[in-house]
2 protein chains.
Amino acid sequence: MQKTAPEMEFKALSVETLPARLGSVDAVASLVGGPAENSPGSWKVREVGDGNLNLVFIVEGAKGAAVVKQALPYVRLVGDSWPLPLKRSFFEYHALIRQEKRDPGSVPAVHYFDEEQALIVMEFLSPHVILRRALIDGRELPNVARDLGLFTARTLFRGSDFSMEHRERKADLALFADNTELCDITENLVFTDPYFEAPMNRHTPGLDGMVRALRADRDLKVAAQTMKHIFASRAETLVHGDLHSGSVMVTDSQTRIIDPEFAFYGPIAFDVGMLLANFWMSYFSQRGHEADGSRASMRDYLLGVIEETWNVFRAEFANLWRTERTGMLHHRSLYEDQGDALASEQALNHVVHGIWADMLGFAGVEMHRRILGLAHNADFETIEDEALRARCETPALKFGRHIAVNRNHIQAMDELATLARLLDEGEVS
Amino acid sequence: MQKTAPEMEFKALSVETLPARLGSVDAVASLVGGPAENSPGSWKVREVGDGNLNLVFIVEGAKGAAVVKQALPYVRLVGDSWPLPLKRSFFEYHALIRQEKRDPGSVPAVHYFDEEQALIVMEFLSPHVILRRALIDGRELPNVARDLGLFTARTLFRGSDFSMEHRERKADLALFADNTELCDITENLVFTDPYFEAPMNRHTPGLDGMVRALRADRDLKVAAQTMKHIFASRAETLVHGDLHSGSVMVTDSQTRIIDPEFAFYGPIAFDVGMLLANFWMSYFSQRGHEADGSRASMRDYLLGVIEETWNVFRAEFANLWRTERTGMLHHRSLYEDQGDALASEQALNHVVHGIWADMLGFAGVEMHRRILGLAHNADFETIEDEALRARCETPALKFGRHIAVNRNHIQAMDELATLARLLDEGEVS
């Protein structure tokens, strides 16, 4: 913050300036190829950022390729009327290295970080595509449920007071406590704006009646605010903070999680809820992408992915609970060391039951904000026929409302698979 | 932290050095009296610290008196084998000025703060006595329930996201996030040590069987760890952090809350639970201080204080909810501004219901740690007859276990008054 020397001043990269500016960085040159002093001129640079916030370049050279991601001092989607601090790059970098440690191989390798320039050089993932795109295309990826179940369980457990040395965790919490602007975005765009006529909201025209009903729905609005309260106050673990299907890159065999710039200490259930919400939205969007029932198998696949992701999360969380519970909460000294391993199982049930209910609350709200708020998702947005899109979005909104409001009264995932089918097929409406 | 100049070095005050060291501070001299350059020599200085952590001096001069409180770099009770950072004085100072703003007149006025010397000069409260002492003496103070109900409601509501501007609250949360060593003390001494054979524990000899039973009590231990989880992760508001009857000074008409050095962003229910626990302990200790039923009225008084404190807390919290809900949670834009004031009442019920259950959990654990852990309290400790003391402590332990484990299944305070009487009179055991 105090750096004022000219060479420290932030300057946005461009396709033209990138080779000169990064050519002298050994970590980059050794990755992209050629002797550092000769190669930059021969680099092929493309800007591919399609997200809402940042610049993303792919740099290719004789030896290989790298991704260069640079934050901008404003929201790219909106422009410099919406400033956003560069320090989000610092939080992304620190989240990436923690996630790599907690679930090795789950995130792109980081090769270089320049805090002043808000710039991270990382592994170029190829031939990976964005998971959301793959699901829109109807691809049934065999490993994503397992990989994402493991990723969430491992990163969320290992960043919590169930696992970490508590002083280390508190220092880390203080480090991430300053990522306030990105938390603000979630607090406003996810939990509040969808439920009143906020200026930046938009929705598919056919939904007017539905939107009116939801914004008059007392139980839903109180549930959404309760989830906001939990989001804003429950600092349980280092969460990814933006774990939707657009933050996952896949091949048929590999799954990598990207873009953790929203990382902060928050509730364990948040990442899981947002992730499953995006699978449920993919499910409800399939009718918008199919011809003649061609997505029937894809629908079964998605309900299977949701069930498997949750089951893998639960199983791995339980596994870590039994084998790595070295933090200050529910410590062995109180349970196993006194010959009462069943006490540890009881505590595990209580914890997972709480995550389940909160997960449903976060998922329901995430489904609403993607249909009613500012940041829509391509699952629905790529359905060009607005009437058809509204017919897909309507059951998704109802499903979201159901799980958010009834989160403490739903027992298991099979009930929700049934409910999703009934709503999608118009059996209940 | 980086101050190394000799004049900045921390030096503990003594009765002898205090006048010379503080005589040149205008804020002190103008309070204690005489022209600053002449008066220090005539000051009367006493060291009166009877707490576990700090030095406390009363300074009297021609014009008046002041209290000088100085932190030591270790736990006074234990000595320099247990280091404790001086920065707790910084957190106490910042908590005091916030509490004064949020509930004017509830805390001693602060006249001077020296961060390097970990030293706060504040109002000398006279003829106030420590509330715990007054209760042991059987004094029925008419205003404490109302004053403490208002203090908790106002400070806890006004420091939360129900009230504060959210960026201001996040900055404040980051400010207090470094008070980790004092949170550590609570996490260990309150939530964990009492439930296994921790080295610093002690208890009245007659309780051996009871202690064994509690340490084998699975439901209790899981409940205590659940409360620890909530304590450590739910950053809802700026809590006092140590709000027992030893942190309250009273006259028949005045109530002042002191010693907020444990302040941090924690759960709303924590202060209320700790406070009521100490009233319940006072209740169960009365048989140890009476002759021939002379404390019957005091027992009625204490159960009345507990009910009134809770009712005043609830009423004032609801009042502030309806009139000062300007923070980012449950904002008017979603409820009242859409013509649905009943939604705000629904949300209030949900929030208060949650505080109630958590309050009972914290209260139960606090009652245990004061009887089984390191830091006992004078209510029981001043009962010299150990058998009698054990007979007072036993129902208190059972009451604590009951409210901690059943916190989600107790409806109202009158049920607990009945339970306390049944246990105290041996009707149930």
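Procedures and definitions
Residues numbered from 1 in each chain as written. Chains lettered and ligands numbered in written order. Predicted model: local features only at pLDDT ≥ 70, side-chain atom pairs only at ≥ 80, totals over all residues. Heavy atoms only, no water. UniProt positions renumbered as here; feature names shortened; annotations may be inferred. Pairing = 2+ DSSP bridges. Helix = DSSP H or I, 4+ residues; strand = E, 2+ residues; numbered from the N terminus. Contact = heavy atoms within 4.5 Å. Axes fitted to C-alpha atoms, helices over the stretch in contact; angles between N-to-C directions. Salt bridge = Lys/Arg side-chain N within 4 Å of Asp/Glu carboxyl O. Least-squares fit on C-alpha atoms with pLDDT ≥ 70 in both. Buried area = accessible area lost by both parts, 1.4 Å probe. Polar contact = N/O pair within 3.5 Å; in protein donor to acceptor, adjacent residues only side chain to side chain. Nonpolar A, V, L, I, M, F, W, Y, C, P; charged D, E, K, R; others polar. Domains from an automatic or database assignment. Phe/Tyr/Trp six-rings, centres within 6.5 Å; stacked < 30°, edge-to-face > 60°. Buried < 20%, exposed > 50% of the residue type's maximum accessible area, 1.4 Å probe, protein only.

Per an unreviewed UniProt entry, chain A goes by the name S-methyl-5-thioribose kinase and belongs to Nitratireductor thuwali. Under the heading Subunit (unreviewed entry), UniProt records this for chain A: "Homodimer." Under the UniProt heading Sequence similarities (unreviewed entry), the note attached to chain A is "Belongs to the methylthioribose kinase family."

Participant: An account of the sheet that holds strand 8 (residues 129-130) of chain B is needed here, citing residue identities and associated values.
Facilitator: Residues and elements named next belong to chain B. Strand order in the open sheet made by the three strands is 8-10-11, with antiparallel pairing throughout. Strand pairing shows two members of the sheet lacking a second neighbour, strand 8 and strand 11 (255-257), which therefore form its edges. Taken together, the three bridges between strand 10 (residues 248-250) and strand 11 define a ladder with antiparallel strand orientation. What sits directly across from Val248, in strand 11, is Ile257. Sheet contacts for helix 5 (residues 144-158): strand 10 and strand 11; angle to strand 11, the most-contacted strand, approximately 35 degrees.

Participant: Give me the pattern of salt bridges: which residues, what numbers.
Facilitator: A full pass over the atoms with the stated rule returns 74 salt bridges over all chains. Each of Lys87, Asp178, Glu181, Asp184 and Glu187 of chain A together with Arg167 and Lys170 of chain B takes part in salt bridges that share partners, so that together they form one network.

Participant: Hey, could you go over the relation of the copies chain A and chain B for me, with residue numbers and the actual values?
Facilitator: Both copies of the chain are related through a single rotation about an axis accompanied by a shift along the same axis. The transformation that overlays chain A on chain B combines an axial shift of 0.0 Å with a rotation of 180 degrees, and the residual RMSD is 0.0 Å. In the structure described here, the two chain copies are related by an operation that fits a two-fold rotation axis. For chain A, the minimum C-alpha distance to the rotation axis belongs to Arg234 of chain A and amounts to 2.2 Å. Interface residue correspondence from chain A to chain B reaches 98%, placing this contact among same-surface, isologous pairings.

Participant: Outline the interface of chain A and chain B, supporting the account with residue identities and numerical values.
Facilitator: Facing 43 residues of chain A, the contacting portion of chain B comprises 43 residues. Buried surface at the junction of chain A and chain B, summed over both partners, amounts to about 3900 Å²; 53% is from carbon and sulfur atoms. Counting the surface chain A buries against chain B, the share from its top three residues, Arg218, His229 and Leu334 of chain A, is 16%. At the surface where chain A touches chain B, the tally comes to 10 salt bridges. Its salt-bridge partner being Glu181 of chain A, residue Arg167 of chain B comes within 2.9 Å of it at the nearest N-O pair. Scanning the region where chain A abuts chain B turns up 28 residue pairs in polar contact (both at pLDDT 80 or more). At the level of secondary structure, the elements contributing two or more residues to the side of chain A that touches chain B comprise helix 6 (166-176), helix 7 (180-189), helix 9 (218-233) and helix 12 (341-372) of chain A. Among the elements that line the side of chain A that touches chain B, the one with the most residues is helix 9 of chain A, at 10 residues. Here the residues of the side of chain A that touches chain B sort into 15 nonpolar, 13 polar and 15 charged.

Participant: Lay out the domain arrangement of chain A in plain terms, naming residues and giving numbers.
Facilitator: All names here are of chain A. Here chain A is described as being made up of domain 1 (30-123) and domain 2 (129-424). Between domain 1 and domain 2, the C-alpha centre-to-centre distance is 26 Å. Opposite the 23 residues of domain 1 that make contact, domain 2 presents 30 residues. For the pair domain 1 and domain 2, the two sides together bury roughly 2300 Å², of which 62% comes from carbon and sulfur. Across the pair Arg98 and Asp172 runs a salt bridge whose closest N-O atoms are separated by 2.7 Å. With 10 residues, the top contributor of residues to the side of domain 1 that touches domain 2 is helix 3 (residues 88-102). For the side of domain 1 that touches domain 2, the class distribution of residues is 10 nonpolar, five polar and eight charged.

Participant: So what about the sheet that holds strand 10 (residues 248-250) of chain A? Which residues, and what values?
Facilitator: Residue and element names in this part refer to chain A. Taken together, the three strands give an open sheet; going across it, the order is 8-10-11, and neighbouring strands pair in antiparallel fashion. With one partner strand each, in any of the chains shown, strand 8 (129-130) and strand 11 (255-257) form the two edges of the open sheet. One ladder, built from two bridges, connects strand 8 with strand 10; its direction is antiparallel. In the strand pairing of strand 10, Val129 is matched with Val250. Sheet strands touched by helix 5 (residues 144-158): strand 10 and strand 11. Its angle to strand 11, the strand with the most contacts, is close to 35 degrees.

Participant: Any chance you could break down the packing of aromatic side chains for me, citing the residues and the numbers?
Facilitator: Geometrically, a pair of aromatic rings is defined through the distance of the ring centres and the angle of the planes. Scanning the entire structure with this criterion turns up 41 aromatic pairs over all chains. Relative to Phe399 of chain B, the ring of Phe284 of chain B has its centre 5.5 Å away and its plane inclined at 55 degrees; by these criteria the two rings are tilted. With Phe284 of chain B in helix 10 (residues 268-285) and Phe399 of chain B in helix 14 (residues 386-405), the pair connects residues that are 115 residues apart, well separated along the chain. On the basis of relative accessibility, which here comes to 0%, the residue Phe399 of chain B falls in the buried class. The interplanar angle of 50 degrees and the centroid separation of 5.3 Å between the aromatic rings of Trp310 of chain B and Trp356 of chain B together place this pair among those described as tilted. Of this pair, Trp310 of chain B sits in helix 11 (residues 296-323) while Trp356 of chain B sits in helix 12 (residues 341-372), and the two are 46 residues apart along the sequence. Each of the two residues, Trp310 of chain B as well as Trp356 of chain B, counts as buried. Site record: aromatic cluster; members linked through ring pairs are Phe157, Phe162, Trp310, Phe313, Phe317, Trp321 and Trp356 of chain A.

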